[in-house]
Amino acid sequence: MTISISVIAVAIAVTTVTLFLIYDMRKSKLEAVDLIAKIAGDRNSAALAFGTKESIQKNLEIYNFSPSIRAVCIYNEFGVLYGQYRPSEKIQKENYCQSQFSSLPETIPGLITVRDEIRHKGMFLGRIYVVSDTREINSYVVKTTQISCIVMGVTLIFILLATVYFSRIFSGPIQELTATIQSITQSKNYNLEARTGYSGEIGILASSFNEMLGEVHKRDRALALANEKLEEKIALRTSELLE
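Here the residue numbering is sequential within each chain, running from 1 through the sequence in written order. Given that this is a predicted model, residues contribute local features only at a pLDDT of at least 70 and side-chain atom pairs are listed and counted only at 80 or more, while totals for whole chains, interfaces and linings are drawn from all residues. Computation of side-chain values covers all heavy atoms of the structure but excludes hydrogens and water.

Engineer: Help me understand helix 2 (residues 53–60) in this model?
Structural biologist: Two residues of an α-helix separated by three or four positions point the same way, owing to the 3.6 residues in each turn. Burial classes: relative accessible area under 20% of the type maximum marks a residue as buried, over 50% as exposed, and values in between as partly exposed (1.4 Å probe, protein chains only). By definition, any uninterrupted DSSP run of H or I lasting at least four residues is a helix, any uninterrupted run of E lasting at least two residues is a strand, and each is numbered from the N terminus. If you check which residues of helix 2 are buried, you get Ile56, Asn59 and Leu60. Axial view of helix 2: buried residues confined to an arc of 95°, hence all on one face. Turned more than 90 degrees from where helix 2 packs its buried face, Glu54 and Lys58 sit exposed. Relevant arc is that of directions from the helix axis to the C-beta atoms, nothing else.

Printed below as a string of structure tokens:
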């Protein structure tokens, strides 16, 4: 019962920590993609204001070094696609940048999407749409799950070994004391004694039990002696009456 409760407690604790770490990682990834969108918007605000598509495309080339970014789409103030970044078709066939901002999906299954406005000194210039995959999150989930399973396994092994060790220390003496009590109860032999070589409370319990047995044995002997004397007196009195 104790082992079962310990196993359940460890499983709940490890699962809770794992889920929190995964949630925190996903939150950090969302914040990172949101920051990418803001930086990309700020870097391209001037080019968008002056209508230089070449500068926008050149600025977006930096995302070639970010393999998790699937698309960065820049739209002008009318919601028309003005510049975009996407990996080569060998890497990615899908094109997530639609010609109109209004045609963009709110969410894409299995991907992270962020949309934001592009402003310069408070003036609205356009919008940006960023799509990122979840490879970092997936990798983190796998690693975290593996580590959590290892930690849970090691902890459960430790609990099992500790339970076996302490059961031998505490349960063994108690079982031996119980067996002694049952033997005395069945045989009515109060000369038996519990072993007192234990330390701590169990040793005190065994010593107290032996003292109790000693008192019972003394009373039994005193009662037996009194019965013998009484029988002698009765026999003596009977012989006197017969004479």
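Engineer: I would appreciate a short explanation of the nonpolar core in the present structure.
Structural biologist: Within soluble globular proteins, side chains that are nonpolar tend to cluster in buried spots. Take the buried residues of types Ala, Val, Leu, Ile, Met, Phe, Trp, Tyr and Cys, join any two whose side-chain atoms come within 4.5 Å, and each joined set is a nonpolar core. Judged by nonpolar contacts, the single largest core of 21 residues is most densely connected at Val72 and Ile128. Among the secondary structure elements, those contributing two or more residues to this core are helix 1 (2–50), helix 2, strand 1 (69–76), strand 2 (81–85), strand 3 (111–120) and strand 4 (123–133). It is helix 1 that contributes the most residues to this core, 6 residues altogether. Contact definition: two residues touch when any of their heavy atoms are within 4.5 Å. Setting aside its immediate chain neighbours within four residues, Val72 contacts Ala40, Leu60, Tyr63, Gly83, Gln84, Tyr85, Cys97, Ile128, Tyr129 and Val130. Judged by nonpolar contacts, the second largest core, of 11 residues, contains Cys73, Tyr75, Ile108 and Val131.

Engineer: What exactly am I supposed to notice about the pairing of strand 4 here?
Structural biologist: It is a general feature of regular strands that their side chains alternate between the two faces of the sheet. Of all the 11 residues making up strand 4, 8 are buried; the element is thus mostly covered by neighbouring parts of the structure. Pairing of strand 1 with strand 4 involves 7 bridges; the strand directions are antiparallel. By the bridge assignment for strand 4, Ala71 is matched with Val131. Relative to strand 4, strand 3 runs antiparallel, the two sharing 10 bridges. Its bridge partner being in strand 4, Glu117 is matched across the sheet by Arg127. Strands are treated as partners if at least two bridges between them are detected by DSSP.

Engineer: Honestly, the pattern of salt bridges in this entry has me stumped. Any pointers?
Structural biologist: Opposite charge on two side chains makes pairing possible when the charged atoms of those side chains draw close. Here a salt bridge means any side-chain nitrogen of Lys or Arg lying within 4 Å of a carboxyl oxygen belonging to Asp or Glu. Tallying each qualifying case throughout the model produces 6 salt bridges. The salt bridge involving Arg115 is made with Glu106; its shortest N-O contact spans 3.7 Å. Since its relative accessible area comes to 30%, Arg115 is described here as partly exposed. As a salt-bridge pair, Arg135 and Asp133 come within 2.7 Å of each other at their nearest N and O atoms. Among the residues examined, Asp133 registers a relative accessible area of 4% and is labelled buried. In the salt-bridge network here, residues are joined through shared partners; they are Arg70, Asp133 and Arg135.

Engineer: Please explain unusual backbone geometry as it appears in this structure.
Structural biologist: Most peptide bonds take the trans form, and the phi angle of most residues other than glycine is negative. Although it is not a glycine, Lys121 sits at a positive phi angle of roughly 55°. Its place among the elements puts Lys121 in the loop between strand 3 and strand 4. You can call Lys121 exposed: its relative accessible area is 81%.

Engineer: What should I look at first to understand the state of the cysteines in this one?
Structural biologist: Working definition: the covalent bond between the sulfur atoms of two cysteines is a disulfide. Two cysteine sulfurs form what is called a disulfide whenever their separation falls within 2.5 Å. Taken as a whole and judged by the stated rule, the model has 1 disulfide. Between the sulfur atoms of Cys73 and its disulfide mate Cys97 the distance is 1.9 Å. With the S-S dihedral at roughly -85°, the linkage between Cys73 and Cys97 falls on the left-handed side. Taken together, the positions of Cys73 in strand 1 and Cys97 in the loop between strand 2 and strand 3 put the pair 24 residues apart, joining distant regions of the chain. The same class applies to Cys73 and to Cys97, which are both buried.

Nothing here speaks to function; it is geometry throughout.
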